[in-house]
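Notes for the structure review
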Amino acid sequence: MVDRAPVKAGKACLLKLTLLFIGKNMGETKGAIVDGSYELLRILVHYSGHFLAPFVLARLLFPKEIWLKAALVMVSTIVIDMDHLLADPIFDPNRCSIGFHPLHTIWAGLVYAGLVLVPDWRARAFGLGALFHLAVDANDCFLGGTF
Ligand SMILES: [Zn+2]
């Protein structure tokens with residue numbers, strides 16, 4: 001029998017180094033006093049806010065029969081980030097998306113809030129997901145000092 005432990009340890013080490021490298025470089029582009037591990041935590045909070053938290057929210061807020069579909073609709077609100085394509089540069093780590101990109105403004109937020117009032121679970125899930133998306137982005141701006 002072949003011992004796979006060294007391969008597993010090697011893979012884990014490579015993953016750690018990759019994550020540290022991403023975190024460190026994000027920290028440097030910000031030119032801030034934060035270190036790589038803080039930036040890594042910020043990235044994890046941001047993306048789990050977009051892709052994992054909607055499942056928890058949907059499980060709590062929607063009936064058992066549709067919570068998973070509602071969660072997927074909520075995750076699909078990531079499409080509002082398409083408005084970044086209108087900006088130049090498309091991605092700027094020192095820019096807060098809230099209030100800058102058209103689908104991340106207070107006006108867009110009011111439309112999302114209106115969708116929550118529509119008596120249809122799909123519209124509600126999208127409105128709620130989009131509002132939560134704005135909250136996750138605002139939190140990221142706050143953590144990055146760009147809010
Ligand atoms: Zn966004």
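What to know about the overall build of the protein chain
For the protein chain, the helix and strand inventory stands at six helices and zero strands. Reading the protein chain from its N end, one meets helices and strands in the order α-α-α-α-α-α. Summarising the internal contacts of the protein chain: among those between residues at least 6 apart in sequence, 48% fall at separations of at least 24.

Some points on the environment of alanine 108
Within the secondary structure, alanine 108 is located in helix 5 (residues 106-117). Note on alanine 108: 17 C-beta atoms within 10 Å, which makes it partly exposed. For the pair alanine 108 and alanine 130, spaced 22 residues apart in sequence, the C-alpha to C-alpha distance is 9.1 Å. Excluding residues that lie within four positions of it along the chain, alanine 108 makes contacts with Pro102 and Leu103.

Examining helix 4 (residues 67-75)
Looking at helix 4, one finds that the buried residues are Ala70, Ala71, Val73 and Met74. Down the axis of helix 4, the buried side of the element spans an arc of 160°, and every buried residue falls inside it. Contact partners of the buried residues in helix 4: helix 3 (53-61) and helix 6 (121-144).

Overview of the nonpolar core
Ala58, Ala70, Val73, Met74, Ala125 and Ala130 are the most contacted members of the largest nonpolar core, which has 15 residues in total. Listed by contribution, the elements that provide at least two residues to this core are helix 4 and helix 6. Among the elements that take part in this core, helix 6 stands out by supplying five residues, more than any other. Residues within four places of alanine 130 in sequence aside, it is in contact with Thr77, Ile80 and Tyr112.

Some remarks on unusual backbone geometry
Aspartate 88 connects to proline 89 through a cis peptide bond whose omega is 0°. Counting through the fold element by element, proline 89 comes out in the loop between helix 4 and helix 5.

What to know about the environment of histidine 133
By the secondary structure assignment, histidine 133 is in helix 6. The exposure class assigned to histidine 133 is buried, which follows from the 25 C-beta atoms found within 10 Å. Between the C-alpha atom of histidine 133 and that of phenylalanine 51, which follows or precedes it by 82 residues, the distance is 9.8 Å. Residues contacting histidine 133, with those up to four places away along its chain left out, are His50, Thr77 and Ile80.

With respect to the packing of helix 4 against helix 6
Interaxial distance between helix 4 and helix 6 falls to 8 Å at its minimum, and their mutual angle equals 45°. As summarised for this structure, helix 4 and helix 6 are arranged oblique, according to the angle between their axes. Seen from above, helix 4 lies across helix 6 with right-handed handedness. Along its contact with helix 4, which presents Ala70, Val73, Met74 and Val75, the element helix 6 presents Trp121, Arg122, Ala125, Phe126, Leu128, Gly129 and Phe132. Of the residues belonging to the contact of helix 4 with helix 6, the class tally is nine nonpolar, one polar and one charged.

Notes on the confidence of the model for the protein chain
Interpretation of the predicted coordinates at a detailed level should be avoided for regions scoring low in pLDDT. Residues with a pLDDT of 70 or more make up 76% of the protein chain, whose mean pLDDT is 84. For residues 27-33, every residue scores under 50 in pLDDT, and the model assigns this stretch ten contacts once sequence neighbours within four places are set aside.

A look at the packing of helix 5 against helix 6
At their nearest, the axes of helix 5 and helix 6 sit 7 Å apart, and the two run at 145° to each other. The two elements helix 5 and helix 6 meet at a crossing, and its hand is left-handed. Counting all contacts with helix 5, which are made through Gly109, Tyr112, Ala113, Leu115 and Val116, the residues of helix 6 involved are Ala123, Arg124, Phe126, Gly127, Leu128, Ala130, Leu131 and Leu134. Considered class by class, the residues forming the contact of helix 5 with helix 6 number ten nonpolar, two polar and one charged.

Thresholds applied
Residues numbered from 1 in each chain as written. Predicted model: local features only at pLDDT ≥ 70, side-chain atom pairs only at ≥ 80, totals over all residues. Helix = DSSP H or I, 4+ residues; strand = E, 2+ residues; numbered from the N terminus. Contact = placed C-beta atoms within 7 Å. Buried ≥ 20, exposed ≤ 12 C-beta atoms within 10 Å, placed from the backbone. Arc of directions from axis to C-beta. Core = buried A, V, L, I, M, F, W, Y, C linked by C-beta atoms within 7 Å. Axes fitted to C-alpha atoms, helices over the stretch in contact; angles between N-to-C directions. Parallel < 35°, antiparallel > 145°, perpendicular 65-115°, else oblique. Left-handed = near helix turned anticlockwise from the far one by under 90°. Nonpolar A, V, L, I, M, F, W, Y, C, P; charged D, E, K, R; others polar. pLDDT = per-residue confidence, 0-100.

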